[in-house]
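Spelled out, the chains give:
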Amino acid sequence: MMTDIITETIDRIKMTVPEDRVLIKEPMGRHTSFRIGGPAEAFVLVNNEEELSAALAAVSGSGAEHMLIGNGSNLLVSDEGYPGIMIKLSGDFESITQCADDPHRIRAGAAALMSRVSAFLTERGLSGFEFASGIPGSIGGAVFMNAGAYGGEIKDVVRSVRVMDADGSNARDVSGEDMGFAYRHSKAQDGGMIILSAEMEFTPDDQSEIAARVSELSAKRNAKQPVNYPSAGSTFKRPVGGFAAALIEQSGLKGYRVGGAEVSEKHSGFVINTGGATCEDVLAVMRHVREKVLEDSGIELEPEVRLINCSL
Ligand SMILES: Cc1cc2nc3c(=O)[nH]c(=O)nc-3n(C[C@H](O)[C@H](O)[C@H](O)COP(=O)(O)OP(=O)(O)OC[C@H]3O[C@@H](n4cnc5c(N)ncnc54)[C@H](O)[C@@H]3O)c2cc1C
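Throughout this description, residue numbers start from 1 for each chain and increase along the sequence as written. Totals for whole chains, interfaces and linings use every residue, but because this is a predicted model, local features are given only for residues with pLDDT of at least 70 and side-chain atom pairs only at 80 or more, for both listing and counting. In computing side-chain properties, one takes all heavy atoms of the structure into account and sets aside hydrogens as well as water.

**So, the site of the ligand**
Test applied: Throughout this document, a residue counts as near a molecule or strand when at least one of its heavy atoms sits within 4 Å of that molecule or strand. Polar contact is defined as a pair of N or O atoms within 3.5 Å, subject to the rule that within protein one atom must be able to donate a hydrogen and the other to accept it, and that residues adjacent in sequence are counted only when both atoms are side-chain atoms. Every accessible area reported is derived by Shrake-Rupley at a probe size of 1.4 Å, with residue values counting cover from the shown protein chains alone. Strands here are runs of E lasting at least two residues and helices are runs of H or I lasting at least four, both read from the DSSP assignment and numbered beginning at the N terminus. Each residue receives one of three labels: charged for Asp, Glu, Lys and Arg, nonpolar for Ala, Val, Leu, Ile, Met, Phe, Trp, Tyr, Cys and Pro, and polar for the others, Gly being one of them.
Taken together, 34 residues sit near the ligand, with L68, G70, S73, S138 and G148 positioned nearest. Within the backbone of L68, one N or O atom sits 2.6 Å away from an oxygen atom of the ligand. Taking R221, its side chain carries an N or O atom lying 2.9 Å from an oxygen atom of the ligand. Surface burial for the ligand is 93%, taken as the share of its 970 Å² of free accessible area covered by protein chains. Where the shell around the ligand is concerned, the elements lending two or more residues are β3 (66-69), α4 (139-145), β9 (148-149), β13 (193-201) and β15 (231-234). Among the residues making up the shell around the ligand, the classes are represented as 17 nonpolar, 14 polar and three charged.

**Describing the environment of E291**
Among the secondary structure elements, E291 is positioned in helix α7 (residues 279-297). As a C-alpha pair, E291 and L301 span ten residues in sequence and 8.9 Å in three-dimensional space.

**Observations regarding the domain arrangement of the protein**
In plain terms, the rule: Note that the domain bounds reflect an automated or database-derived domain assignment. Here a residue-residue contact requires only that any non-hydrogen atoms of the pair lie within 4.5 Å. What gets called buried area is simply the loss in accessible area from a 1.4 Å probe that two parts show on being joined, summed for both. Think of a salt bridge as a Lys or Arg side-chain nitrogen and an Asp or Glu carboxyl oxygen that are within 4 Å of each other.
Each assigned domain of the protein is listed with its residue range as follows: domain 1 (4-89), domain 2 (94-214) and domain 3 (226-308). Between the C-alpha centres of domain 1 and domain 2 the distance comes to 24 Å. Contacts between the two partners involve twelve residues from domain 1 and, on the opposite side, 17 residues from domain 2. For the domain 1 face of the interface with domain 2, the top three residues by lost area are E49, N71 and L89, together amounting to 41%. At the boundary of domain 1 and domain 2, one finds one salt bridge. For the side of domain 1 that touches domain 2, the leading source of residues is helix α2 (residues 49-62), giving six residues. Across the side of domain 1 that touches domain 2, the residue classes tally to five nonpolar, six polar and one charged.

**Considerations on the packing of helix α1 (residues 4-14) against α2**
Our working rule: Every axis in this analysis is a line fitted to C-alpha atoms, fitted for helices over the stretch in contact. Angles between the N-to-C directions lie between 0 and 180 degrees. Roughly parallel here means an angle under 35 degrees, roughly antiparallel means over 145, roughly perpendicular means 65 to 115, and every remaining angle is called oblique. Left-handed describes a crossing whose near helix is turned anticlockwise from the far helix by less than a right angle; the clockwise case is right-handed.
Relative orientation of the contacting elements α1 and α2 amounts to 155°, with a least axis distance of 9 Å. Between α1 and α2, the crossing angle belongs to the class labelled roughly antiparallel. Along this stretch, α1 crosses α2, giving a crossing that reads as right-handed. From α1, I5, T9, R12 and I13 reach across to α2, where they touch A55, A58, V59 and S62.

**A word on the packing of helix α3 (residues 114-123) against helix α5 (residues 207-224)**
Relative orientation of the contacting elements α3 and α5 amounts to 150°, with a least axis distance of 8 Å. In terms of their interaxial angle, α3 and α5 are classed as roughly antiparallel. Only Q207, I210, A211 and V214 of α5 make contact with α3, whose side of the interface consists of S118, T122 and E123. In terms of residue class, the contact of α3 with α5 is built from three nonpolar, three polar and one charged.

**Topic: the nonpolar core**
For the record, the criterion: Residue types Ala, Val, Leu, Ile, Met, Phe, Trp, Tyr and Cys, when buried and joined through side-chain atoms within 4.5 Å, form a set referred to as a nonpolar core. Relative accessibility under 20% of the residue-type maximum defines a buried residue, over 50% an exposed one, and the middle range a partly exposed one, all with a 1.4 Å probe and only protein chains included.
By size, the foremost hydrophobic cluster in this structure holds 55 residues, and its most contacted members are L52, V117, F129, I139 and M200. The leading source of residues in this core is β13, at six residues. Looking at which domains feed residues into this core, each of domain 1 (4-89) and domain 2 (94-214) supplies at least three. Ignoring any residue separated from it by four or fewer positions in sequence, one finds L52 in contact with V46, I87, L89, F93, M164, I194 and L196.

**Points about the environment of R30**
One can find R30 in the loop between β1 (22-27) and β2 (39-46). Residue classification places R30 among the exposed positions, given a relative accessible area of 56%. Each C-alpha atom of the pair R30 and G134 lies 21 Å from the other, and the pair is 104 residues apart in sequence.

**As for the sheet that holds strand β12 (residues 172-175)**
Rules: Between any two strands, pairing holds if DSSP finds at least two bridges.
Spatial strand order, β6-β7-β13-β11-β12: five strands in an open sheet with antiparallel pairing. Only two strands of the sheet have a single partner each, and these edge strands are β6 (96-98) and β12. The mean inter-strand angle of the sheet, taken between neighbouring strand axes irrespective of direction, is 25°. Two strands pair when backbone bridges link them, and strand β11 (residues 158-165) and β13 are joined in this way by seven bridges, in the antiparallel orientation. Of the residues in β13, the one forming a bridge with R162 is S197. In the packing of α2 onto the sheet, contacts are made with β11 and β13, and the angle to β11 comes to roughly 50°. Sheet strands touched by α3: β6, β7 (105-109) and β13. Its angle to β6, the strand with the most contacts, is close to 25°.

Following this line, the structure appears as structure tokens:
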């Protein structure tokens, strides 16, 4: 049942955000690449900084549980759902523009998808983002996670990030060096930093060569990853001194299955939803994988997927 705090907070949000963008009891399986997750008490789409600021002020003022969601491609949400307010950026936050004072730089809103940013850059003959073209997330999620692939990481191209405090105040620019980027980590994970947009720098190159590199990496991805099944990408982070997928395979866990969740036969670093998997199915697979790998190799795997309202 919805608590008074949530109801009052939703009413306050509706004073700024139009009612048709405040969805009640919205199933999170509709917003996650895993296609898993029960309902969020409310799911709010904010189209600009003013709406975001008002929504954040309302949730932080009331103490209602809340979180930002990007494209939902790195999340495992509980079957019970989320007992609070999910905020998703859209509208103005999807914009991508070339900087007027430096044509090698672009500014992408936090809700811009990596695939769109990649297409924008290819069209303008700007290279340096090819590594990220196939990551199915948003710029906000990529900065938050310091997403990376094929030897590149978002930190390599980000020059500054426009952020806001968790209470919706103090919008400001933070330099790339001050974002505390490390392997699948940024300062935003330490709490309280909302990513609004990122300015990124690239080098000029021939359009067709950039397009060829993007296609080559896409073909590699399709060949190695179970892209035709819902998942959240690599389930575990790369441990020091090894690769999660290799350790999982060495423990004989390829194809290990609970309910609809399975360690992918194609890439053992991925847990996939083969159809109708619940969050509990995925967690059961993850727990078993962690235990068996620890027993066999002495290495403790840490989840890369962010667990929402559930735990291992
Ligand atoms: C098939 C597949 C392949 C993948 N391949 C890769 C890969 O090669 N490399 C890689 O790094 N990842 C990969 N991933 C994982 C995922 O795409 C990345 O982690 C991505 O960066 C997540 O972005 P998102 O927008 O989906 O964020 P979400 O999953 O929605 O959110 C992730 C975290 O970011 C936070 N967040 C999102 N937006 C904001 C914001 N604006 N401000 C503050 N916090 C925010 C959320 O609160 C959450 O904690 C893959 C996933 C899939 C499904």
